[in-house]
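Close look at the chain arrangement
Below, each chain spelled out in residue letters.
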Amino acid sequence: MRPPFAAHTESTLDFRLSVLRNRDAGRHGSVTLASVVHCHNRVGRAYIVLIRPFHKLIVQRSLARAAKGGFS
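Description of the structure in this document.

Calculation criteria
- Positions within a chain are numbered from 1, following the residues in the order the chain's sequence is written.
- Only residues with pLDDT of at least 70 get local features here, since the model is predicted, and only at 80 or more are side-chain atom pairs given and counted; chain-wide, interface and lining totals rely on the full set of residues.
- Heavy atoms throughout the structure, all of them, feed into the side-chain values; hydrogens and water do not.
- Only DSSP runs of H or I covering at least 4 residues are called helices, and only runs of E covering at least 2 are called strands; the numbering of each starts at the N terminus.
- Based on C-alpha atoms, the radius of gyration is set beside the globule rule, defined as 2.2 Å times the residue count to the power 0.38.
- In this scheme, a residue with accessible area under 20% of its type's maximum is buried, one over 50% is exposed, and one in between is partly exposed, where area comes from a 1.4 Å probe on protein chains only.
- Note on contacts: a residue pair is in contact if any heavy atoms of the two residues lie within 4.5 Å.
- Only the protein chains shown count as cover for residues, and all accessible areas are computed by the Shrake-Rupley method using a 1.4 Å probe.
- Patches in this entry comprise residues that are over 30% relatively accessible and not in a salt bridge; like charges within 9 Å are linked, as are nonpolar side chains (Val, Leu, Ile, Met, Phe, Trp, Tyr) within 5 Å.
- We define a salt bridge as a contact between a side-chain nitrogen of Lys or Arg and a carboxyl oxygen of Asp or Glu at a distance within 4 Å.
- In a helix, the anticipated span is given by 1.5 Å times the number of residues less one.
- In this analysis the local bend is the angle between axes fitted, respectively, to the seven residues ending at and the seven residues starting at the residue.
- We define a polar contact as two N or O atoms separated by no more than 3.5 Å, with the added condition that, inside protein, one atom must be a possible hydrogen donor and the other a possible acceptor, whereas residues neighbouring each other in sequence contribute only through side-chain atom pairs.

1. Concerning the overall build of the chain
A tally of regular secondary structure across the chain gives one helix and three strands. Secondary structure elements of the chain occur, N-terminal to C-terminal, as β-β-β-α. By the compact-globule yardstick of 11 Å for 72 residues, the chain is too spread out, its C-alpha radius of gyration being 15 Å. Once the C-alpha set of the chain is aligned to its principal axes, its extents read approximately 45 × 25 × 20 Å. For the chain, the residues scored as buried account for 7% of the 72 residues in total. When contacts within the chain are restricted to residue pairs at least 6 apart in sequence, long-range pairs at least 24 apart make up 34% of them. Only carbon and sulfur atoms are counted for the fraction: they give 60% of the accessible area of the chain, which is about 6200 Å².

This is the structure in structure tokens:
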């Protein structure tokens, strides 16, 4: 089974996000996220440099909101 994914394409970059949910892992299961960004030009690279420090925080908060909303 292929995991669900999201994609976004712009002239500056391409973004892909994959989500894999494993209900059998541990007591509460697990969720694995993978993201890939391909920068097309300097604007895309500058954007990634600016957002990278916040990326982990954004992902953690998004997962917490999903769990609180009943995703788990």
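2. Side note on the environment of Ala6
Residue position: Ala6 is located in strand 1 (residues 5-9). Sequence separation between Ala6 and Val49 is 43 residues, and the spatial gap between their C-alpha atoms is 21 Å. Leave out the neighbours within four places in its chain, and Ala6 touches Phe15, Arg16 and Leu17.

3. Here we look at the environment of Gly69
With respect to the helices and strands, Gly69 occurs in the segment after helix 1 (42-68). Taking the C-alpha atoms as reference, Gly69 lies 25 Å from Phe15; in sequence the two are 54 residues apart.

4. As for a nonpolar patch on the surface
A cluster of nonpolar side chains, contributed by Val31, Leu33 and Leu63, occupies part of the molecular surface with about 190 Å² of accessible area. By secondary structure assignment, the location of Val31 is in strand 3 (residues 30-39).

5. Side note on the environment of Leu33
In this fold, Leu33 is placed in strand 3. Placed 36 residues apart in sequence, Leu33 and Gly69 show a C-alpha to C-alpha distance of 18 Å.

6. Points about helix 1
Along its 27 residues, helix 1 runs 38 Å from first to last C-alpha, staying within 8% of the 39 Å computed at 1.5 Å per residue. Maximum bend of helix 1: about 50°, positioned at Arg52, with proline Pro53 one to four residues after it. The N-terminus of helix 1 is capped by Asn41, whose side-chain oxygen sits 3.1 Å from the backbone nitrogen of Val43.

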